[in-house]
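Structural overview
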Amino acid sequence: MDEQLVIEHLSKVYERGEVLALNDVSFTVKKGEFLVVIGLSGSGKSTLLRCINRLIEPTAGKVFFEGVDVTAASSRELLRIRRKMGMIFQQFNLVKRSSVLTNVLAGRLGYVNPWLSVIHKFPREDIELAFKNLDRVAIRDQAYKRADELSGGQQQRVGIARALMQEPDLLMADEPVSALDPATSHSVMKYLEQMNQEDGVTVITSLHFLSLARRYGTRILALKDGEIVFEGLPSEIDEARFKEIYGDEAEHVEVS
Amino acid sequence: MQDRYHAELMMDEPDFRKRFQSIRRRALVLLTDVIALSYLWTLASYCWNRFVLGTGSYITLPWWAMIIIAIEIAAVWENFGVSLGMHLLGVRLSSRSEESNPANHALRYLLWHIAPLSLISFFFSSKEEPWHDRVTHLYAVSAAEVEEKRVSWYRTSWKNALALIGVLTVLTAVGVTDMDLYALFTRASRTGRIWTRLLNPNFSLLGSGFRLLIVTIYMAFMATIFAIVVAVPLSFFAARNLAQGIIGRAIYTVVRVAISITRSIDAIIWAIIFLVWVRVGAFPGVLALFVHSIADLTKLYSERLESIDPGPVEAIRAAGGNKLQVILYGIIPQIINPYLSFTLYRWDINVRMATIIGIVGGGGIGQSLYQYMKVSDYSSAGMMMLLIVVTVWSIDYISARLRARLN
Ligand SMILES: Nc1ncnc2c1ncn2[C@@H]1O[C@H](COP(=O)(O)OP(=O)(O)OP(=O)(O)O)[C@@H](O)[C@H]1O
Ligand SMILES: [Mg+2]
């Protein structure tokens, strides 16, 4: 298997507050992996994911995606690269007032003719693809509802369908289930697992609960204060490692 | 050994920022008290002159004498009690020795007068407090550090001062506005003639009044429509969260300043300016409303833009959308209804303003209302007022209903 994503000495300093959110982070992700990033709140998980597609501009270091230097890409090239990286968010990031279908189609914006998108015109194939993806996450019947009329779990499935519209090679998810209850969490995680196993999409997701990370991850990366403190298989995280990542006072919380 | 010596030197270095803040706080306390006391003095002398002596002058002392007296009273106040300024800025005098001693307070009051001299040493000495604090063991500290004991009367002197300021302000207001309750209650019958005429409108003017009304409504309409065209794009430059880079920031500042200046000039003033510019009629009225509406709408719109949910914007960027697509798919859906709602609201205001602007010659029904009033033709004026009331009421109602549906 080849290395799809290479991160080299990535650092991020937030000028405001002078926070060193990422400190010299390096790792690689192989095609088809399901990488889970864990760590305490404020450890830099969101920053890391957003530096990969440059939603946040890294301060130093390099990101290579399928051999292309993302950090050196021009803004035009960056749009091309981003199309191949789907992203799913903790707060779903849907346009609440727009319909589910419009939200899903927005995932296709990187592909369509920008001038046609001005008049909200999408090619017939894209609309068909949107329905196919809504079908995949089992909410086709909700297509014409307003996004904020859906439950949290359904909204996150809209988020997944939107990411699927990009036909991504890499899917990044920033705490995709933190706003959901345990049962719904599993149903959403299963869709990510499905994309990973059936479509061969590489998945990088940050998760709060170690139990979820163990259940779905093929590899785990733990961050603490912006540095990698563990990298390895889920089974390698024992009590000592757990304490190292989450601190001494931490207790295991299970999500069944 | 060398290192330790160095470390000690470093520790002794005065922390200028902290010092500067401490000095600034002391100065602000004094300034607040002096302003409050001068204000109190001015009002008191006005009330005395007005209600006791019957003259209308404000101050009997030269201003510099008043300031000196105010400073002196402030010094007493701050050294013996909790002054208004100390209360507002959260400063207390705290005795770090065993017990507080009246002589110490008196000493501090005296030393306080040469306190500015200590500024010189303040920056170079290693001590945190100025020396008049240290000599008397009375330190100006943050209010949070001292526990308030049982409150005796002089401790709440700032409350007394505030109450006095309140009472004197009302008294002064009564004086300067020539309030005359006697006239208010005894001379009402003189207006009887006006009321009867106003309430018996001249209905033969219905037709011409209606035509004038249409002019007024269209003035408001034109002004609103053209203001939208300018204000919508302008609002994107006036939103702080969208202003990026040095150029973006610069444009943001310029637009913001221009808007607040334009808004603070009343539409009536704009109407007078445009009357001179493009001559009397409805058009200068439209221009006045147009300019004022641009400023107002840009402000309302941009504030809405500043509170959008950044989530969808992030999502569209992540999907590879360009800047235009981010605006069209991430921002516009979030702002379209509020924008429409603000516009309706502004149209509603513009109809009301259009009638007022008529008074200075801006055309429409307001202008003839004013002309009838001027020649004391109150029944014709009554007809115009009836039309205005009905129109304003219905437009108010329609715009409220439409806005309720948008939310
Ligand atoms: N826009 C910002 N400006 C300044 N500091 C920031 C900003 N965003 C994040 N930080 C800081 O950077 C550090 C890492 O934040 P980040 O959001 O990446 O953590 P996280 O692991 O995703 O946390 P959480 O689990 O709470 O989402 C934190 O200390 C945070 O306070
Ligand atoms: Mg986060």
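Values in this document were obtained by computation on a predicted structure and should not be read as measured data.

Okay, unusual backbone geometry next. In this structure, arginine 54 of chain A takes a positive phi of about 60 degrees despite not being glycine. Of note in the backbone geometry, arginine 279 of chain B takes a positive phi value of approximately 75 degrees without being a glycine. Note on placement: arginine 279 of chain B falls in the loop between helix H13 (267-278) and helix H14 (282-306).

Taken together, the 19 residues of chain B in the interface contact 28 residues of chain A. Between chain B and chain A lies a buried interface of about 2,000 Å² when both sides are counted; carbon and sulfur atoms form 57% of it. In this assembly, chain B and chain A are joined by two salt bridges. The residue aspartate 309 of chain B makes a salt bridge to lysine 96 of chain A at a minimum N-O spacing of 3.1 Å. Here chain B is connected to chain A by nine residue pairs in polar contact (both at pLDDT 80 or more). Breaking the side of chain B that touches chain A down by element, the ones donating at least two residues are helix H15 (310-318) and helix H16 (323-359) of chain B. No other element matches H15 of chain B, which puts seven residues into the side of chain B that touches chain A. Across the side of chain B that touches chain A, the residue classes tally to 10 nonpolar, six polar and three charged.

The next thing to look at is the site of ligand 1. All names here are of chain A. In the vicinity of ligand 1 there are 14 residues, among which Ser41, Gly42, Lys45, Ser46 and Thr47 approach most closely. Measuring from an oxygen atom of ligand 1, one finds a backbone N or O atom of serine 43 at 3.2 Å. Separating an oxygen atom of ligand 1 from a side-chain N or O atom of serine 46 is a distance of 2.6 Å. Burial of ligand 1 by the protein chains amounts to 67% of its free accessible area of 630 Å². For the shell around ligand 1, the elements supplying multiple residues, two or more each, are strand E2 (19-30) and helix H1 (45-52). If you tally residues by element for the shell around ligand 1, the top one is H1, at three residues. Here the shell around ligand 1 is built from residues that sort into four nonpolar, seven polar and three charged.

Glancing now at the packing of aromatic side chains. Scanning the model with the defined rule gives nine aromatic pairs over all chains in all. A centroid spacing of 5.3 Å and a plane angle of 20 degrees characterise the contact between phenylalanine 274 of chain B and tryptophan 277 of chain B, whose relative ring orientation is stacked. Here phenylalanine 274 of chain B and its partner tryptophan 277 of chain B are both found in helix H13, three residues apart, which amounts to about one turn of the helix. The structure contains a cluster of three or more aromatic residues connected by ring pairs, namely Trp270, Phe274 and Trp277 of chain B. Directly above the aromatic system of tyrosine 111 of chain A lies the positively charged group of arginine 83 of chain A, at a separation of 4.2 Å from the ring centroid.

Turning to the sheet that holds strand E7 (residues 170-174) of chain A, a few remarks are in order. Residues and elements named next belong to chain A. Judged by pairing direction, the sheet is mixed, and its six strands sit side by side in the order E6-E7-E8-E3-E9-E10 without closing on themselves. Pairing within the sheet leaves two strands with one partner each, and these edge strands are strand E6 (85-88) and strand E10 (227-232). On average, each strand axis in the sheet is inclined to that of its neighbour by 15 degrees, with strand direction left out of account. The sheet contact formed by E6 and E7 spans four bridges and is parallel. Pairing of isoleucine 88 across the sheet is with alanine 173, part of E7. Across the sheet, helix H7 (residues 182-198) is in contact with strand E3 (34-38), E6, E7 and strand E8 (202-206); its angle to E3 comes to roughly 140 degrees. Relative to E10, helix H9 (residues 239-246) is tilted by about 155 degrees, and along the sheet it contacts E3, strand E9 (219-224) and E10.

Bringing the confidence of the model for chain B into the picture now. Residues and elements named next belong to chain B. Per-chain confidence: chain B averages 86 in pLDDT, with 91% of residues scoring 70 or above. Note that residues 1-13 has pLDDT below 50 and, in this model, one contact with residues that lie over four places away or in other chains. For this predicted complex, the interface score ipTM comes out at 0.93, while the overall pTM is 0.76.

A word on the domain arrangement of chain A. Residues and elements named next belong to chain A. When cut into domains, chain A gives domain 1 (1-84 + 171-176 + 201-256) and domain 2 (86-167). For domain 1 versus domain 2, the separation of C-alpha centres amounts to 26 Å. Taken residue by residue, the interface counts 13 residues in domain 1 and 11 residues in domain 2. Interface area lost by domain 1 to domain 2 is led by Arg83, Lys84 and Leu171, which between them contribute 45%. On the surface where domain 1 and domain 2 come into contact, there are zero salt bridges. At the surface where domain 1 touches domain 2, the tally comes to 10 residue pairs in polar contact (both at pLDDT 80 or more). Mapped by element, the contributors of at least two residues to the side of domain 1 that touches domain 2 are H1, helix H2 (75-83) and E7. Residue contributions to the side of domain 1 that touches domain 2 peak at four residues, all from E7. Of the residues contributing to the side of domain 1 that touches domain 2, the split by class is six nonpolar, one polar and six charged.

What follows concerns helix H12 (residues 245-264) of chain B. Residues and elements named next belong to chain B. End to end, H12 covers 29 Å across 20 residues, agreeing with the expected 28 Å (1.5 Å per residue, within 8%). Residues of H12 that are buried include every one of Gly248, Tyr252, Val255, Ile259 and Thr262, and no others. All buried residues of H12 fall inside an arc of 110 degrees around its axis, so they share one side. Within H12, the exposed residues directed more than 90 degrees away from the buried face are Ile246, Val254 and Ser264. Packed against the buried residues of H12 are helix H11 (206-237), H13 and H14.

Right, let's get into the sheet that holds strand E1 (residues 3-14) of chain A. Residue and element names in this part refer to chain A. Read from one edge to the other, the open sheet built from four strands follows the order E2-E1-E4-E5, with strand pairing classed as antiparallel. Looking at which strands have only one partner, the edges of the open sheet turn out to be E2 and strand E5 (68-69). The strands touched by H1 are E1, E2 and strand E4 (60-65); relative to E1, the strand with the most contacts, the crossing angle is about 120 degrees.

Turning next to the pairing of E3 of chain A. All names here are of chain A. Counting buried positions along E3 yields five of five residues, so the element is predominantly enclosed. The two faces of E3 match: Phe34, Val36 and Ile38 on one face and Leu35 and Val37 on the other face are all buried. Two elements, E3 and E8, share four bridges in a ladder whose sense is parallel. Bridge pairing links phenylalanine 34 to valine 203 in E8.

Residues and elements named next belong to chain A. Counting residues in hydrophobic clusters, the biggest one holds 69 residues, and the most contacted among them are Ile38, Val104, Leu134, Ile160, Leu171, Leu192 and Ile237. Discounting chain neighbours no more than four positions away, the residues touching isoleucine 38 are Lys45, Leu207, Leu210, Ala213, Ile220, Leu221, Ala222, Leu223, Ile237, Ile245 and Tyr246. Val37, Ile52, Phe65 and Leu223 belong to the second largest nonpolar core, which has 31 residues in total.

So, how was this worked out
Residues numbered from 1 in each chain as written. Chains lettered and ligands numbered in written order. Predicted model: local features only at pLDDT ≥ 70, side-chain atom pairs only at ≥ 80, totals over all residues. Heavy atoms only, no water. Helix = DSSP H or I, 4+ residues; strand = E, 2+ residues; numbered from the N terminus. Contact = heavy atoms within 4.5 Å. Buried area = accessible area lost by both parts, 1.4 Å probe. Salt bridge = Lys/Arg side-chain N within 4 Å of Asp/Glu carboxyl O. Polar contact = N/O pair within 3.5 Å; in protein donor to acceptor, adjacent residues only side chain to side chain. Nonpolar A, V, L, I, M, F, W, Y, C, P; charged D, E, K, R; others polar. Near = heavy atom within 4 Å. Areas by Shrake-Rupley, 256 points an atom, 1.4 Å probe, with all protein chains shown as cover. Phe/Tyr/Trp six-rings, centres within 6.5 Å; stacked < 30°, edge-to-face > 60°. Lys NZ or Arg CZ within 6 Å of the ring centre and 35° of its normal. Pairing = 2+ DSSP bridges. Axes fitted to C-alpha atoms, helices over the stretch in contact; angles between N-to-C directions. pLDDT = per-residue confidence, 0-100. Domains from an automatic or database assignment. Expected span 1.5 Å × (residues − 1). Buried < 20%, exposed > 50% of the residue type's maximum accessible area, 1.4 Å probe, protein only. Arc of directions from axis to C-beta. Core = buried A, V, L, I, M, F, W, Y, C linked by side-chain atoms within 4.5 Å.

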